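Residues per chain, in single letters:
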Amino acid sequence: ATKAEALVAAWALSLFAGDDDEADRFGIAARRNVQFQMRVQYTAEKTELFPRPDAVIGGWARNAVDPSIRIDYVQHHLSGLLGTWHITREGDIPIASPLD
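Residues numbered from 1 in each chain as written. Predicted model: local features only at pLDDT ≥ 70, side-chain atom pairs only at ≥ 80, totals over all residues. Heavy atoms only, no water.

With that settled, consider the packing of helix H1 (residues 2-17) against helix H2 (residues 20-40). H2 packs onto H1 with a crossing angle of 155° between their chain directions and a minimal axis gap of 8 Å. Between H1 and H2, the interaxial angle falls into the category roughly antiparallel. Where H1 crosses over H2, the handedness of that crossing is left-handed. Counted together, Lys3, Ala4, Leu7, Ala10, Trp11, Ser14 and Leu15 of H1 and Glu22, Ala23, Phe26, Gly27, Ala29, Ala30, Arg31, Asn33 and Gln37 of H2 form the full contact between these two elements. By residue class, the composition of the contact of H1 with H2 is nine nonpolar, four polar and three charged. (Axes fitted to C-alpha atoms, helices over the stretch in contact; angles between N-to-C directions. Helix = DSSP H or I, 4+ residues; strand = E, 2+ residues; numbered from the N terminus. Parallel < 35°, antiparallel > 145°, perpendicular 65-115°, else oblique. Left-handed = near helix turned anticlockwise from the far one by under 90°. Contact = heavy atoms within 4.5 Å. Nonpolar A, V, L, I, M, F, W, Y, C, P; charged D, E, K, R; others polar.)

Looking now at the side chain of Ser14. Residue position: Ser14 is located in helix H1. On the basis of relative accessible area, Ser14 is assigned to the buried category, the value being 7%. Within the structure, the side chain of Ser14 is placed 2.8 Å from the backbone oxygen of Trp11, a separation counted as a polar contact. Those residues in contact with Ser14 that sit more than four places away from it in its chain are Asp19, Glu22, Ala23 and Phe26. (Buried < 20%, exposed > 50% of the residue type's maximum accessible area, 1.4 Å probe, protein only. Polar contact = N/O pair within 3.5 Å; in protein donor to acceptor, adjacent residues only side chain to side chain.)

Turning next to the nonpolar core. In terms of nonpolar packing, the biggest core is built from nine residues, these being Leu7, Val8, Ala10, Trp11, Ala12, Ala23, Phe26, Ala30 and Ile87. At the level of secondary structure, the elements contributing two or more residues to this core comprise H1 and H2. Apart from residues lying up to four places away in sequence, Val8 is in contact with Gly80, Gly83, Thr84, Ile87 and Ile93. (Core = buried A, V, L, I, M, F, W, Y, C linked by side-chain atoms within 4.5 Å.)

Evaluation of the coordinates by the stated rule reveals five salt bridges. In this structure, Asp54 engages Arg52 in a salt bridge whose closest nitrogen and oxygen atoms are separated by 3.7 Å. The exposure class of Arg52 is exposed, given its relative accessible area of 54%. A salt bridge links Arg89 to Glu90, with the shortest nitrogen-to-oxygen separation between them at 3.4 Å. Across the pair, Glu90 and Arg89 agree in class, each one exposed. (Salt bridge = Lys/Arg side-chain N within 4 Å of Asp/Glu carboxyl O.)

Any functional reading would require information beyond the geometric quantities listed.
The following block contains the structure:
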């Protein structure tokens, strides 16, 4: 998940710098990472071993060995997904100015 955030940041920076080759490379990597993230997200089919399967759906585990879910794991995943979506759809990530 933090890799997704880093890819989005590198992609946005390469777009800002006008480096089309790097933007293409980071864009492909970010989209592939989204595919991975969606494959490892807990779904109804992947939660039957949990005491409360309904409470796990939609979360992400810490890693392949530790199935625990924490809000920061979920936040990092969502940040990467949303960043990739924004660049794909809008061509950039939203920037909030402290003056806004």
